[in-house]
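Now for the letters of each chain:
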Amino acid sequence: MEDRAIALDRQFVDRVINQDFLSIEQGWDHRRLGLSDADFIGLFESQIKSRLLDLESRQMRARNQGFYTIGSSGHEGNAAYGLALRPTDMAFLHYRSAAFMIERGRHVAGETQLWDMLLSFAASSDDPISGGRHKVLGSKRLNIPPQTSTIASHLPKAVGAALSIPLLERLDLHSDLQPHGIVMCNFGDASANHASAQTAINAAGWAAYQQVPLPLMFVCEDNGIGISTATPKGWIAANFSARPGIQYFACDGRDILDTYRVSKQAADYARQRRKPVFLHVRTVRLMGHAGSDAEIAYLKKQQILDNEAQDPLLITAKQIIAAGLLSPEQVVSLYQTTKTRIAAIAAVAVSRQKLDCVHKAMSSIVPPSLALGSEKTPLSDEQYLSLFIADKNSIGKPVHMGKLINYTLTELMARQQNIVVCGEDVGKKGGVYHVTSRLVERFGPNRVINTLLDETSILGLAIGMAHQGLLPIPEIQFLAYVHNAEDQIRGEAATLPFFSDGQFTNPMVIRIAGLGYQKGFGGHFHNDNSLAVFRDIPGLILACPSNGADAMAMLRECVRMADEEQRLIIFLEPIALYMTRDLHEPGDNLWSATYQPQATATRLPFGELGVYGTGKTLCIISYGNGFYLSRQAEKRLAALGVACTVIDLRYLAPLNEVAIAQEAAQCQHVLIVDECRRSGSVSEAITTCLYEQLSDECPKLARLTAEDCFIPLADAATLPLPSQQSIVTAALTLLGIDDEQINSPCSKEA
């Protein structure tokens, strides 16, 4: 078949001149809908610009000057809700939303949408949203965070952002969004089947069903096909028209006036009633999924031609002509003039600077620090004592890690009013291990939010709240459960600063109970010992305290980094050490600590290692449960005459490689004890680090890891894991000491 982009371009002109229009519009009068003549023509211009940008992007690709050809052709009706919504309403857009963005930009002074979008097509570092890192639709001034995903993974955070608007009002905290603002997110009919979409829509309905204010507008742009897979006719309406808590609206996205009429009704409903709505927009996809997609491989020629006859630009042109606003010749002139203008802008945009070194490309992985963090509330002595009145018998006495984390959260929340804890069971139950006990009594349900059982919703809620200036501390009950929702961390939270050139951030501290050594409960799903999912995410910080004293200081440092440096942080809490008090003997209290008030506590900076002992014969490097067991092993090794230094990594990503190498270089041997699996574990990175940092001066190395095995139940739970005994044995083997030498008189000199 003829190239469809060329055909579509020519057919528009021919059909307008010949007034060869399909009669599918519903006959609305734009003035009776409250649309001025100028706005009606403005909508049409936004549609034209969107279409011509698509055509130009394909020309740029053919010249190897552009690098992204998924366009908006057939979906230009979304310009209507670009007008129906306010520019201050936050919008999370899918990749067929150029007309929406152009139309919104038309109402904000100083916007240069064509120039900006063509810079993005050309991957120029002058692109004002991504700095040349991706073709994205986004703008800080237009309240459109950039979105690169081809699926609906932006919907969960849209739920969180919408919930935050009334939440901030209840908390009497500042918001950049207007008090009566709403959040809009759009997606395709194929993406509606994705788990992220299903969980977000379910969560919104779940909240609204309980009368929780949630001003959110879901927009499903239904073109009937996902790349080459057809959506069954009636599928979207059947699935979403009767969802509890969500009001359903439907319109014909080919007809700009019908789309404006219904989208304004939907937006007004969400705004006034503060309830979620589902707007079902019938669209048509033109020119295939992307420039490389040959529709003829899976659609009949007549189907393609029938789709092109439904071109929304033709329908709007017919309405404009019928309203007497423009003649056919004037419509064609507007189209051709805009086409020439876009080509001229593109010719300049492709010549602009590109990212030319890896450092520039990486510069936005870590977002810019804020001049000041959030406002802190000072606590008087009386307020401090009142805060912990329910724990007065424990304050000042050695307690275990679980209590110390709870006390730290309590004081952090008292001092920072923007901190919100959320997760399943975090309210009255106090979390599955009671780490959030009494927080809801102290700070109320607006700051301690019990969520539904869905990790994607929990993390999406946190991302959306962080967009609005809150500092979320979501809880995921078990490490194994985060895998259900890891894309919210990897594909959404971590990528936002990168693809927005640091303009948008979603800082948070995600608390996760995890790791092994629980004998009596849960097996693998409550003893997951794999961290690989976090370690390769650029910009993410992974913290893992081994004891309560460190947990206090590290949690405060993590909250500070999230608050002031806008960082995304995983705070991994070893379950088996939550209630541990003793190290060597029952009652020694060596693994307990007294709570240190924040005002007088010693700060523990990010990356600082925990170093115990001064022995130079052997350096044991570990973390979490491994550090606890290594400290026990160290005592036994000392009795055998082996002088050790034991290092607690504390922060597992990014590793402080320089400090690790400096400590290891002082010792003759290094044993890395890693409770995670042999494959994909931190020990691999440490081994590589030491060889790279120390080269020929590297001490003799060995590593002791968990086996590449899931964790079984009951007493078998520790079989795949390092033990105190296996650490001692591995250390002696590394030192070349056998049982005979251990029992010899000179063993103490080893």
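Predicted, not measured: the structure shown is a model, and the values here were computed from it.

**Comments concerning the overall build of the protein chain**
For the protein chain, the count of helices and strands is 26 helices and 19 strands. Taken against the 2.2 N^0.38 rule, which gives 27 Å for 750 residues, the C-alpha radius of gyration of the protein chain at 30 Å falls within 12% of a compact globule. Expressed as a percentage of its 750 residues, the buried residues of the protein chain come to 60%. Within the protein chain, contacts between residues separated by at least 24 positions form 80% of all contacts whose residues are at least 6 apart in sequence. As displayed, the protein chain has an accessible area near 28700 Å², and 52% of this comes from carbon and sulfur atoms. Across the protein chain, the mean location of the 68 positive side-chain charges is 4 Å away from that of the 80 negative side-chain charges.

**Considering the side chain of Asp 89**
Tracing the sequence through the fold places Asp 89 in the loop between helix H3 (79-84) and strand S1 (90-92). A polar atom in the side chain of Asp 89 sits 3.0 Å from the backbone nitrogen of Ile 182. Filtering out sequence-adjacent residues up to four positions away, Asp 89 remains in contact with Arg 104, Asn 143, Gly 181, Ile 182 and Arg 271.

**Overview of the sheet that holds strand S2 (residues 183-188)**
Read across the sheet, five strands follow the order S1-S2-S3-S7-S6 without closing on themselves; strand pairing throughout is parallel. The open sheet terminates on both sides in strands that have one partner only, identified here as S1 and strand S6 (247-252). Taking the axes of each pair of neighbouring strands and ignoring which way they run, one obtains an average angle of 20° across the sheet. Pairing between S1 and S2: three bridges, direction parallel. Within S2, the position partnered with Ala 91 by the bridge is Met 184. The strands touched by helix H6 (residues 155-171) within the sheet are S1, S2 and strand S3 (216-222), with S2 carrying the most contacts at an inclination of about 165°.

**Examining helix H9 (residues 256-273)**
For H9, built from 18 residues, the straight-helix expectation of 26 Å at 1.5 Å per residue is met to within 8% by its first-to-last C-alpha distance of 25 Å. Of all the positions in H9, only Ile 256, Leu 257, Asp 258, Thr 259, Tyr 260, Val 262, Ser 263, Ala 266, Ala 267, Tyr 269, Ala 270 and Arg 271 are classed as buried. On its buried side, H9 packs onto helix H2 (37-62), H3, S3, S6, strand S7 (277-282) and helix H11 (312-322). Two or three places before Leu 257, at the opening of H9, Asp 255 has a side-chain oxygen 3.0 Å from that residue's backbone nitrogen.

**Focus: the pattern of salt bridges**
In the structure shown here, the tally under the stated rule is 35 salt bridges. In this structure, the salt-bridge partner of Arg 650 is Asp 550, at a minimum N-O distance of 2.9 Å. Within this pair, whereas Arg 650 is found in the loop between strand S16 (644-648) and strand S17 (651-653), its partner Asp 550 is found in helix H21 (residues 548-565), the two being separated by 100 residues in sequence. Overall, Arg 650 belongs to the buried group, its relative accessible area being 9%. Put simply, Glu 557, Arg 560, Glu 564, Glu 565 and Arg 603 are held in one network by salt bridges that share partners.

**So, the pairing of S7**
With five of six residues buried, S7 lies mostly within the body of the structure. Pairing analysis gives six bridges linking S3 to S7, with the strands arranged parallel. When the sheet's bridge partners are listed, Phe 218 is paired in S7 with Phe 278. As judged from the six bridges shared by S6 and S7, these two strands associate in the parallel manner. Counted as the bridge partner of Ala 250 is His 280 from S7. Since S6 and S7 lie parallel, the crossover through H9 that links them has a hand, and here it is right-handed.

**Some details on unusual backbone geometry**
Cis geometry is found at the peptide bond from Ala 653 to Pro 654, where omega equals -10°. Mapped onto the elements of the fold, Pro 654 is located in the loop between S17 and helix H23 (657-665). Positive phi values are uncommon outside glycine, yet Ala 123 reaches one of about 55°. In the Ramachandran plot, Ser 695 falls in the positive-phi region, its phi being about 50° despite a non-glycine side chain. For Ser 695, the position within the fold is in the loop between helix H24 (682-694) and strand S19 (700-706).

**So, the packing of helix H1 (residues 4-18) against H2**
Contact pair H1 / H2: the axes reach a minimum separation of 10 Å and the direction vectors enclose 150°. Relative to H2, H1 is oriented so that their crossing is left-handed. Of H2, the residues touching H1 (which contributes Ala 5, Leu 8, Asp 9 and Phe 12) are Phe 44, Arg 51, Leu 55 and Arg 58. Its residues placed into classes, the contact of H1 with H2 shows five nonpolar, no polar and three charged.

**Here's the deal with the sheet that holds strand S18 (residues 669-677)**
Judged by pairing direction, the sheet is mixed, and its five strands sit side by side in the order S14-S16-S15-S18-S19 without closing on themselves. Only two strands of the sheet have a single neighbouring strand rather than two, namely strand S14 (610-612) and S19. Across the sheet, the mean angle from the axis of one strand to that of its neighbour is 20°, orientation sign disregarded. As defined by bridge partners, S18 adjoins S19 across seven bridges and the pair is classed as parallel.

**Observations concerning the packing of aromatic side chains**
One pass over the structure, following the stated rule, counts 17 aromatic pairs. When the centroid spacing of 4.6 Å and the interplanar angle of 10° are considered together, the rings of Phe 240 and Phe 278 count as stacked. On the criterion of sequence distance, the pair formed by Phe 240 in helix H8 (residues 235-240) and Phe 278 in strand S7 is long-range, its members being 38 residues apart. As far as burial versus exposure is concerned, Phe 240 and Phe 278 are alike and both buried.

**Considering the environment of Leu 385**
Inspection of the secondary structure puts Leu 385 in helix H14 (residues 381-387). With 243 residues separating them in the primary sequence, Leu 385 and Tyr 628 have C-alpha atoms 32 Å apart.

**Here's the deal with the side chain of Thr 436**
Structurally, the position occupied by Thr 436 is in the loop between strand S8 (419-423) and helix H16 (439-443). Residue classification places Thr 436 among the buried positions, given a relative accessible area of 0%. For Thr 436, the side chain forms a polar contact with the main-chain nitrogen of Gly 431, separated by 3.2 Å. With residues near it in sequence (within four places) discarded, Thr 436 still touches Asn 406, Leu 409, Val 421, Val 426, Gly 427, Gly 430, Gly 431, Glu 475 and Arg 511.

**Brief notes about the packing of helix H5 (residues 113-121) against helix H12 (residues 328-349)**
Contact pair H5 / H12: the axes reach a minimum separation of 9 Å and the direction vectors enclose 50°. The angle between H5 and H12 places the two elements in the oblique class. The chirality of how H5 crosses H12 is right-handed. Contacts between H5 and H12 involve Leu 114, Trp 115, Leu 118 and Leu 119 on the former and, on the latter, Arg 341, Ile 342, Ile 345, Ala 346, Val 348 and Ala 349. Looking at the contact of H5 with H12, its residues break down into nine nonpolar, no polar and one charged.

**Things to note about the confidence of the model for the protein chain**
When pLDDT is averaged along the protein chain, the result is 92; 97% of the residues meet or exceed 70. Mean pLDDT values over the elements of the protein chain span from 58, in helix H26 (residues 739-742), up to 98, in S7.

The rules behind these values
- Residues numbered from 1 in each chain as written.
- Predicted model: local features only at pLDDT ≥ 70, side-chain atom pairs only at ≥ 80, totals over all residues.
- Heavy atoms only, no water.
- Helix = DSSP H or I, 4+ residues; strand = E, 2+ residues; numbered from the N terminus.
- Rg over C-alpha atoms; globule rule 2.2 N^0.38 Å.
- Buried < 20%, exposed > 50% of the residue type's maximum accessible area, 1.4 Å probe, protein only.
- Contact = heavy atoms within 4.5 Å.
- Areas by Shrake-Rupley, 256 points an atom, 1.4 Å probe, with all protein chains shown as cover.
- Lys, Arg positive; Asp, Glu negative; His and termini not counted.
- Charge placed at Lys NZ, Arg CZ, Asp CG, Glu CD.
- Polar contact = N/O pair within 3.5 Å; in protein donor to acceptor, adjacent residues only side chain to side chain.
- Pairing = 2+ DSSP bridges.
- Axes fitted to C-alpha atoms, helices over the stretch in contact; angles between N-to-C directions.
- Expected span 1.5 Å × (residues − 1).
- Salt bridge = Lys/Arg side-chain N within 4 Å of Asp/Glu carboxyl O.
- Right-handed = clockwise from strand over helix to strand, strands pointing away.
- Left-handed = near helix turned anticlockwise from the far one by under 90°.
- Nonpolar A, V, L, I, M, F, W, Y, C, P; charged D, E, K, R; others polar.
- Phe/Tyr/Trp six-rings, centres within 6.5 Å; stacked < 30°, edge-to-face > 60°.
- Parallel < 35°, antiparallel > 145°, perpendicular 65-115°, else oblique.
- pLDDT = per-residue confidence, 0-100.

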